[in-house]
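Observations on chain architecture
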Amino acid sequence: METSFALTGKGYVIVAADTTAARSIVKMKVDEDKIKEISPHLLMAYSGEPGDTVQFAEFVERNIRLYQIRNLYPLRPSAAASWIRRSLADSLRSRSPYSVNLLVGGYDTATHEPKLYWIDYLGTQVDVPFGAHGYGSYFALSLLDRYHDPEASLEEGLATLKRCVDEVAKRLVVSPGRYKVKVVDKDGVREVEI
Amino acid sequence: MSIMEYNGGSVIAMVGKDCVAIASDLRLGNQALSISSNFQKVFPVTDRIYVGLPGLGTDVTTLRERFRYRINMYTIKEEREIEPETFAHLVSSTLYEHRFGPYFIEPVIAGLSKTPSGGVKPLIAAADLIGCLNFAKDFVVAGTASTKLLGVAEGLWEPDLEPEDLFETISQTLLNSVDRDAFSGWGAVVHVITKDSIISRTLKGRMD
Amino acid sequence: MARRYDSRTTIFSPEGRLYQIEYAMEAISHAGTVLGVLAKDGVVLAAEKKVTGKLLDLSGEGGYGGSGEKIFLLNSNVIGGVAGLTSDANSLVNYARTAAQQHLLSYNEDIPVELLAQRLCDMKQGYTQYGGLRPFGVSLLYAGYDPHYQFQLYHSDPSGNYSGWKATCIGANNGTAQSLLKQEYKDDILVKDAIALVLKVMSKTMDSTTLGSEKLEFAVLTLDESTKQPKAKIYKPSEIDALLRAEGLAKTDGDTEMKSA
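Thresholds applied
- Residues numbered from 1 in each chain as written.
- Chains lettered and ligands numbered in written order.
- Predicted model: local features only at pLDDT ≥ 70, side-chain atom pairs only at ≥ 80, totals over all residues.
- Heavy atoms only, no water.
- UniProt positions renumbered as here; feature names shortened; annotations may be inferred.
- Helix = DSSP H or I, 4+ residues; strand = E, 2+ residues; numbered from the N terminus.
- Rg over C-alpha atoms; globule rule 2.2 N^0.38 Å.
- Buried < 20%, exposed > 50% of the residue type's maximum accessible area, 1.4 Å probe, protein only.
- Areas by Shrake-Rupley, 256 points an atom, 1.4 Å probe, with all protein chains shown as cover.
- Lys, Arg positive; Asp, Glu negative; His and termini not counted.
- Charge placed at Lys NZ, Arg CZ, Asp CG, Glu CD.
- Contact = heavy atoms within 4.5 Å.
- Buried area = accessible area lost by both parts, 1.4 Å probe.
- Salt bridge = Lys/Arg side-chain N within 4 Å of Asp/Glu carboxyl O.
- Polar contact = N/O pair within 3.5 Å; in protein donor to acceptor, adjacent residues only side chain to side chain.
- Nonpolar A, V, L, I, M, F, W, Y, C, P; charged D, E, K, R; others polar.
- 1 Å grid on protein atoms, 1.4 Å probe; cavity = no way out; pocket = protein on both sides within 12 Å on 5 of 7 lines; lining within 4 Å.
- Points joined across faces, edges and corners; volume = space filled by probe spheres on them.

In the annotation of an unreviewed UniProt entry, chain C is listed under the name Proteasome subunit alpha type and assigned to Serpula lacrymans var. lacrymans. Of the comments in the UniProt record for chain C, the one headed Function (unreviewed entry) reads "The proteasome is a multicatalytic proteinase complex which is characterized by its ability to cleave peptides with Arg, Phe, Tyr, Leu, and Glu adjacent to the leaving group at neutral or slightly basic pH. The proteasome has an ATP-dependent proteolytic activity." Entered under Subunit (unreviewed entry) in the UniProt record, the comment concerning chain C runs "The 26S proteasome consists of a 20S proteasome core and two 19S regulatory subunits."

Under the annotation held in an unreviewed UniProt entry, chain B carries the name Proteasome subunit beta and is attributed to Serpula lacrymans var. lacrymans. Per UniProt, chain B carries the Function (unreviewed entry) text "Component of the proteasome, a multicatalytic proteinase complex which is characterized by its ability to cleave peptides with Arg, Phe, Tyr, Leu, and Glu adjacent to the leaving group at neutral or slightly basic pH. The proteasome has an ATP-dependent proteolytic activity."

Spelled out as structure tokens, the structure:
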């Protein structure tokens, strides 16, 4: 089943999401990228109702890009997350709400801080040191409670992520096979292998 | 499953002698799973008013933002800060606007209003999710631990408590009540509003 | 026939001019002077009040935003100074405050200063194009702070043009004031010196021979030492008089001659 994790460390945020695109009990695709790079220092992992996810992610991506084109600087992570949250909260009480859960991770170039926001389809937003969505969250959150360190180096952060991935692979009945992992820090976003 | 219990969280407010206190837990959950232990649901409105918004997480944020908008416009146009009574009715009418598709929030308001003689008068109020106001002389409760809060407050509260004693009373009431509630807890935040200062403290509870 | 291209804002004259816009700008050049200076650690704004008189009720001390005729708090991070038709200005100030709060509602951050100027200019520009409407007879100075470009000073005019400045002036005698500012302004000027510069230029450009709180409005935007958040201070009349005394520009009994700062 769909699972995504994210955690902050010293000057970076790691965002990871599984790569399966499933329909009913069938895996349709095993290399789907579910983490969008929505601005130079912002990542967004999305999961939820197929169809809604990509539609909403592209809607967000384009609006954030439009702001950047108009103002010559991108939205800061907190502002972007607030805008995304509002979009979901408005959508919730509309005729056809989006069912999309998000992890928005970014590096704030004004304050030089990594930022991570946990957002669900209702528009619930919270600033967290680490977060997860999907069935994997039931395993990952307790591991992260134990091993997360906000001062950890990138290597240590990736090792903690690896623990989460391995635990889900070991204990979850319908565990996803592969994950895509992206990091955002002062140099921008990049993909890493675990 | 009730929408009001989906994210969990509780708020309480109490009256003291020329002071009021408001306190909340810090949990945000998804039913039984805790997501955050730092989710604020009590917000400053002016230097003398706080509002607590327990209920559905998304509406906590939405209402907080809407109230901030209204209060900022009020302050900048009126060139003075809003009075607690006025704010209570702003809360009430905002909620009733959505009578048939409500925000799932039961607000708690704590503030000091000015008296003509230059003193202050404590005011606390609670509302249901469609804005029915309840002004109380002693204490008001809301949230998933409201039943427990009511019982403990009934036992601990007494009239005319000084700020430090009020702080102790509200803190003990909240911490002991949320221990009996699976959906509230993970630490607490307490604000005591007095004539010339605000005492804000973050408390650790049973962090499990 | 001379009035053919005058009567409507939206019609170009054969020389490619919009007369109503030019008339609006002309109206502003007779309005009370508003002056702004950008410093390294803040922005200073001063304005000349035109509506004065013995019978004017000045009992309002001015609260949250100051009891301004020309200087207004637009948002917690932006102060606006207006020159032109006061009634038009009030409408624009209200629009600016709403726009700023809308931004706060959408993004949970104070509106960037340039964006606020753009919001107002989009509206002003509209009135140069849609038929049957009169343009706003108002120029504004925006003194603000945001984390993107720190302290900023912008100017916007009735056509909807805006530009950023280190020091500028709108209203009556703006030419004199600007050439004075050009001579005296130094990069890396501090707020303390900017206040002195603003008052000095004001005293030289204003019609009246003496400076006093009944003719002057004054505001400073700085960063709060402890919170690092922008702190807008619009001076109350008593504070303006105190400031003038401190700068040695206050009127003295029986002596109307001013000492230079």
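1. A word on the overall build of chain B
Along chain B, the regular secondary structure elements total four helices and 12 strands. For 208 residues, the compact-globule estimate of 2.2 N^0.38 gives 17 Å, and chain B sits close to it at 16 Å. Taken along the three principal axes of its C-alpha coordinates, chain B extends 50 × 40 × 25 Å. Evaluated residue by residue, chain B yields a buried proportion of 56% over its 208 residues. Element-wise, carbon and sulfur atoms account for 50% of the exposed surface of chain B, whose accessible area totals about 8,800 Å². Computed over 20 positive and 26 negative side-chain charges, the separation of the two mean positions in chain B equals 4 Å.

2. Considering the interface of chain C and chain A
The partner chain A presents 12 residues to the 12 residues of chain C that form the contact. Both sides together, the interface formed by chain C and chain A hides about 1,100 Å², and carbon and sulfur atoms give 54% of it. In this assembly, chain C and chain A are joined by zero salt bridges. Run the count over chain C and chain A and you get two residue pairs in polar contact (both at pLDDT 80 or more). Elements supplying a minimum of two residues to the side of chain C that touches chain A: helix H2 (86–107) and helix H3 (113–126) of chain C. Here the side of chain C that touches chain A gets four residues from one element, more than from any other, and that element is H2(C). Residues belonging to the side of chain C that touches chain A are distributed by class as follows: six nonpolar, five polar and one charged.

3. Observations concerning the layout of surface pockets
By volume, the largest pocket amounts to about 1,500 Å³. Forming the walls of the largest pocket are 42 residues, and the residues nearest its centre are Phe43(B), Arg64(B), Arg68(B), Leu104(C) and Asn108(C). Breaking the lining of the largest pocket down by element, the ones donating at least two residues are helix H2 (77–92) and strand S9 (125–127) of chain A, strand S5 (42–46) and helix H1 (57–78) of chain B together with strand S3 (71–75), H2 and strand S10 (230–234) of chain C. Tallied by class, residues from the lining of the largest pocket come to 20 nonpolar, 14 polar and eight charged. Its volume calculated, the second largest pocket comes out at about 1,100 Å³.

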